[in-house]
Amino acid sequence: MEKTTWQYWFILGFGRFIQLFPYSWILRIGAVLGGAAYYFSGRHRERGVGHIQRALNYSEDQARELIKKMYRNLGRSAFEVLYTPRLVRNPKEADELIQLDFSPEFIEQLGQKKGGFLITAHYGNWEWLTLGAAMASDQMGTIVKYQPQPWVNAWLNGNRRSTGVEVFPRTPDGKEVLAGIRSLRKGGFLGLLCDQDGGNEGIVVPFLGRLSSSMAGPGSLICRTGLPAFPSFIHRRPEGGHLLWVGKPLKPTTDVHQMTVQIQEAIEAEIRKKPDEWLWLQRRWNTPISQTEGGAAVE
């Protein structure tokens, strides 16, 4: 059970205050505060600018303009997460703010209760992606990474569970994977964030024009279970709210490397459509390629 410190109770109370405002106000406040955060984020901001320049071949001015948009979107997302309990209490408002666009293959898989994976990234309001998915499936789960601050885990996981999502926190011995597999065998769906650096044991594949160490776990889990993996992303709508899109499943394979390539290609395709929606602040290319298994020389 996550620890509930004074910070947890403060953010919980602040969230209840935020939920009193109309959604349109939430977006405005979040955008303003997110835009202000751009000027105080220091090395994180500069890391993102550098990533954008190398990945998209942008000039420095173009990269800074894009990262400003990203910060405004992050601010909106942060306030939307605070707003989540209001949507749990008012499913009709949730339906209005999260429009669902599912492929026929995913709809069929849902109807047959055979389970599968939702492949996604730190893109758009990924917290509301699980909320939208839970609106469609009564057996939705996600594997989550523990945050350094205990109160953040308590608040985020409480939010997730309140929407009907089963939470599987990562553990050193990998017990979360076994718990996730048990859920899959019952016909559940498991959401996987697949856009982080894979470390020294990652799989080397191209990503946004550069070789990168990509997480091996998602591809391995998909190949191990043989269940379909559906690319799934949430986009901001110009008029407000979101569109949750679930596409056709990735091509089945037992080759973990090939599955990892497909996963990263799907994520890259979404980033290129709306680059201001992706979290460029991540240390995505942090691992030198020469240090990874099967890696090539550092660029």
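Residues numbered from 1 in each chain as written. Predicted model: local features only at pLDDT ≥ 70, side-chain atom pairs only at ≥ 80, totals over all residues. Heavy atoms only, no water.

Trainee: Please clarify how the sheet that holds strand β1 (residues 98-102) should be interpreted in this entry.
Mentor: Hydrogen bonding along the main chain pairs the strands of a sheet, whether they run parallel or antiparallel. Overall, mixed pairing links the seven strands, which are arranged β1-β9-β8-β2-β5-β3-β4 in an open sheet. Edge positions in the sheet fall to β1 and β4 (165-169), since each has one partner strand and no second. Averaged over all adjacent pairs, the angle separating strand axes in this sheet is 25°, with direction ignored. Contacting β3 (140-144) and β4, helix α8 (residues 150-162) crosses the sheet at an angle of about 145° to β4. (Pairing = 2+ DSSP bridges. Helix = DSSP H or I, 4+ residues; strand = E, 2+ residues; numbered from the N terminus. Axes fitted to C-alpha atoms, helices over the stretch in contact; angles between N-to-C directions. Contact = heavy atoms within 4.5 Å.)

Trainee: Teacher, can you tell me more about the packing of aromatic side chains here?
Mentor: The geometry of an aromatic ring pair is captured by the separation of the ring centres together with the interplanar angle, meaning the angle of the planes. Under the definition given, this model contains 17 aromatic pairs. Centroid distance Phe-102 to Phe-106: 4.9 Å. Interplanar angle 85°. Geometry classified as edge-to-face. According to the relative accessible area criterion, Phe-106 is buried, its value standing at 4%. Relative to Phe-230, the ring of Phe-106 has its centre 5.1 Å away and its plane inclined at 70°; by these criteria the two rings are edge-to-face. Here the residue Phe-106 occupies a position in helix α6 (residues 104-112), and Phe-230 occupies one in strand β8 (residues 229-236), the gap between them amounting to 124 residues. (Phe/Tyr/Trp six-rings, centres within 6.5 Å; stacked < 30°, edge-to-face > 60°. Buried < 20%, exposed > 50% of the residue type's maximum accessible area, 1.4 Å probe, protein only.)

Trainee: Explanation requested: unusual backbone geometry in the structure shown.
Mentor: Most peptide bonds adopt trans geometry, and most residues besides glycine take a negative phi value. A positive phi angle, close to 60°, is found at Asn-57, a residue other than glycine. Inspection of the secondary structure assignment puts Asn-57 in the loop between α3 (43-56) and α4 (60-89). Positioned with a positive phi, Leu-208 is a non-glycine residue whose angle comes to about 50°.

Trainee: Even after reading the chapter, I still don't get the nonpolar core, so can you show me in this structure?
Mentor: Burial of nonpolar side chains together is a common tendency in soluble globular proteins. Membership of the largest hydrophobic core comes to 40 residues, with the highest contact counts inside it found for Ile-67, Phe-117, Trp-278 and Trp-280. Mapped onto this core, the elements with two or more residues apiece are α3, α4, β2 (116-120), α9 (175-185), β5 (189-193), α10 (217-225), β8 and α11 (256-273). (Core = buried A, V, L, I, M, F, W, Y, C linked by side-chain atoms within 4.5 Å.)

Trainee: Explain the packing of α9 against α10 to me, please; I cannot follow it from the model alone.
Mentor: The relative placement of two packed helices is expressed as an angle between their axes plus a distance between the axes. Contact geometry of α9 with α10 gives a least axis separation of 12 Å together with a crossing angle of 40°. In terms of orientation, α9 lies oblique with respect to α10. Note that α9 runs across α10; the crossing there is right-handed. Side by side, α9 and α10 meet where Val-177, Leu-178, Ile-181 and Leu-184 of the first sit next to Leu-221, Arg-224 and Thr-225 of the second. (Parallel < 35°, antiparallel > 145°, perpendicular 65-115°, else oblique. Left-handed = near helix turned anticlockwise from the far one by under 90°.)

Trainee: What is the right way to read the pairing of β5 from this model?
Mentor: Along any regular strand the residues' side chains alternate between the sheet's two faces. Summarising burial for β5: four of the five residues are buried, a large majority. Inspection of the sheet shows β2 paired to β5 by five bridges, in the parallel sense. Paired with Thr-120 across the two strands is Leu-193, which belongs to β5. Bridge count between β3 and β5: three bridges; the pairing is parallel. By the bridge assignment for β5, Gly-141 is matched with Leu-190.

Trainee: How do you make sense of α11 when you look at a structure like this?
Mentor: Every α-helix carries 3.6 residues per turn, so stepping three or four residues along brings you back to the same face. Taking 1.5 Å per residue, 18 residues should reach 26 Å; α11 reaches 26 Å between its end C-alpha atoms and fits that length. Along α11, the positions that sit buried rather than exposed are Met-259, Thr-260, Val-261, Gln-262, Ile-263, Gln-264, Ala-266, Ile-267, Glu-268, Glu-270 and Ile-271. Contacts made by the buried residues of α11 are with β2, β6 (203-207), β7 (210-214), α10, β8 and β9 (242-246). The residue sitting at the N-terminus of α11 and contributing the capping side-chain oxygen is Asp-255; that oxygen lies 2.9 Å from the backbone nitrogen of His-257. (Expected span 1.5 Å × (residues − 1). Polar contact = N/O pair within 3.5 Å; in protein donor to acceptor, adjacent residues only side chain to side chain.)

Trainee: Just to check I follow, could you spell out a positive patch on the surface for this structure?
Mentor: The grouping of Arg-182, Arg-185, Lys-186 and Arg-224 at the surface amounts to a positive patch. Mapped onto the fold, Arg-182 is located in helix α9. (Patch = residues over 30% accessible without salt bridge, like charges linked within 9 Å, V, L, I, M, F, W, Y side chains within 5 Å. Areas by Shrake-Rupley, 256 points an atom, 1.4 Å probe, with all protein chains shown as cover. Salt bridge = Lys/Arg side-chain N within 4 Å of Asp/Glu carboxyl O. Lys, Arg positive; Asp, Glu negative; His and termini not counted. Charge placed at Lys NZ, Arg CZ, Asp CG, Glu CD.)

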